[in-house]
Amino acid sequence: MALRVTFVAAARSAPLLAERFEDDRPLDQAGWDEVQRVARDLMPLAAAELRYCSPTPRSRSTGDALGYAPLAQLALRDCDMGRWRGLTLGEAMAREPEAVDAWLADPRSTPHGGEALLTFIGRVGHWLDTRPLEDGGRIVAVAEPSVIRAALVYALKVPPSTYWSIDVCSLSTTTVTGRAGRWNLRLESSPAQPTRV
């Protein structure tokens, strides 16, 4: 049997506002309401042997609201966006269009003075590869969508540019199974969220 890691995307805070780099806003009322609507379907994941979360307020609050009592992991923090922290992509583009173009084109670039996309993917992948459970163990991790995208790029060994083509919806689940260096994406459906083709 393989290790099973299920990522739960944190509920959104201020869903009507644009997403910001390294957004550390807490859950607002809409986010709490969103968690309550899906809690019954996601609470069974609390049976996992290990429960983690990104260190953001909304990831912690989402995990607590679902009954996971997750342990925050620094390795699951969002990508360090340097001087772009708190900006939307549009705001960064308006200020530094050439720098944003370079960052989107080259996963090794750090025009913002923070962390390269490739480094971010590697950091999240290292966390995934070093989980301490034996075969058959289960882990749940509430994380920011960017962290889940990075984990998938790492697990599937796809080009870093794939990161930009993965959409992660709030409170969605993504499961990978396997062990260090050998991960598989597992697609499942539940009665509440059927798989759509």
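These remarks concern the structure in this document. (Residues numbered from 1 in each chain as written. Predicted model: local features only at pLDDT ≥ 70, side-chain atom pairs only at ≥ 80, totals over all residues. Heavy atoms only, no water.)

1. Observations concerning the packing of aromatic side chains
Inspection of the entire model under this criterion finds six aromatic pairs. When the ring of F7 is compared with that of W127, the centres are 6.3 Å apart and the planes differ by 50°; the resulting orientation is tilted. On the criterion of sequence distance, the pair formed by F7 in strand β1 (residues 3–9) and W127 in helix α5 (residues 117–129) is long-range, its members being 120 residues apart. Note on accessibility: F7 and W127 belong to one class, buried. By way of ring pairs, the aromatic residues W84, W103, F120, Y163 and W164 are connected into one cluster. Above the plane of the ring of Y52 lies R131, whose end atom (NZ or CZ) is 5.3 Å from the centre. In this structure, R149 is placed above the aromatic ring of Y163, and the distance from its NZ or CZ to the ring centre is 4.5 Å. (Phe/Tyr/Trp six-rings, centres within 6.5 Å; stacked < 30°, edge-to-face > 60°. Helix = DSSP H or I, 4+ residues; strand = E, 2+ residues; numbered from the N terminus. Buried < 20%, exposed > 50% of the residue type's maximum accessible area, 1.4 Å probe, protein only. Lys NZ or Arg CZ within 6 Å of the ring centre and 35° of its normal.)

2. Focus on the packing of helix α1 (residues 29–42) against helix α2 (residues 57–65)
Where α1 contacts α2, the two axes come as close as 10 Å, and the packing angle between them is 35°. Taken as a pair, α1 and α2 cross one another with a handedness that is right-handed. Together, W32, V35 and Q36 of α1 and S61, T62 and A65 of α2 make up the contact between the two elements. Taken together, the residues of the contact of α1 with α2 sort by class into three nonpolar, three polar and no charged. (Axes fitted to C-alpha atoms, helices over the stretch in contact; angles between N-to-C directions. Left-handed = near helix turned anticlockwise from the far one by under 90°. Contact = heavy atoms within 4.5 Å. Nonpolar A, V, L, I, M, F, W, Y, C, P; charged D, E, K, R; others polar.)

3. Describing α2
Inspection of α2 places R58, S59, T62 and G63 among the buried residues, and these make up the whole buried set. Down the axis of α2, the buried set is contained in an arc of 130°. They therefore lie on one face. Packing partners of the buried residues in α2 comprise α1, β2 (50–53), β4 (138–143) and α6 (145–156). Looking one or two residues beyond α2, the residue adopting positive phi is G67, at roughly 80°. (Arc of directions from axis to C-beta.)

4. Points about the sheet that holds β2
Consider a sheet: its strands pair through backbone hydrogen bonds, and that pairing is either parallel or antiparallel. Judged by pairing direction, the sheet is mixed, and its six strands sit side by side in the order β3-β2-β4-β1-β5-β6 without closing on themselves. Single-partner strands in this sheet number two, and they are β3 (71–72) and β6 (182–186). Across four bridges, the pairing between β2 and β4 is parallel. Each bridged residue has a counterpart across the sheet, and for Y52 the counterpart in β4 is A141. Sitting on the sheet, α5 touches β1, β2, β4, β5 (173–179) and β6, and the angle it makes with β1 is about 135°. (Pairing = 2+ DSSP bridges.)

5. Description of α5
Between its first and last C-alpha atoms α5 spans 18 Å; for 13 residues at 1.5 Å apiece the expected length is 18 Å, and the two agree. Along α5, the residues classified as buried are L117, F120, I121, R123, V124, G125, W127 and L128. Against β1, β2, β4, α6, β5 and β6 lie the buried residues of α5. (Expected span 1.5 Å × (residues − 1).)

6. Points about the nonpolar core
Judged by nonpolar contacts, the single largest core of 36 residues is most densely connected at V5, F7, W84, F120, W127, L128 and V176. Listing elements by their share of this core, those giving two or more residues are β1, α4 (97–105), α5, β4 and α6. With seven residues, the top contributor of residues to this core is α6. Formed by 15 residues, the second largest nonpolar core is a distinct cluster that contains L27, V38, L42 and C53. (Core = buried A, V, L, I, M, F, W, Y, C linked by side-chain atoms within 4.5 Å.)

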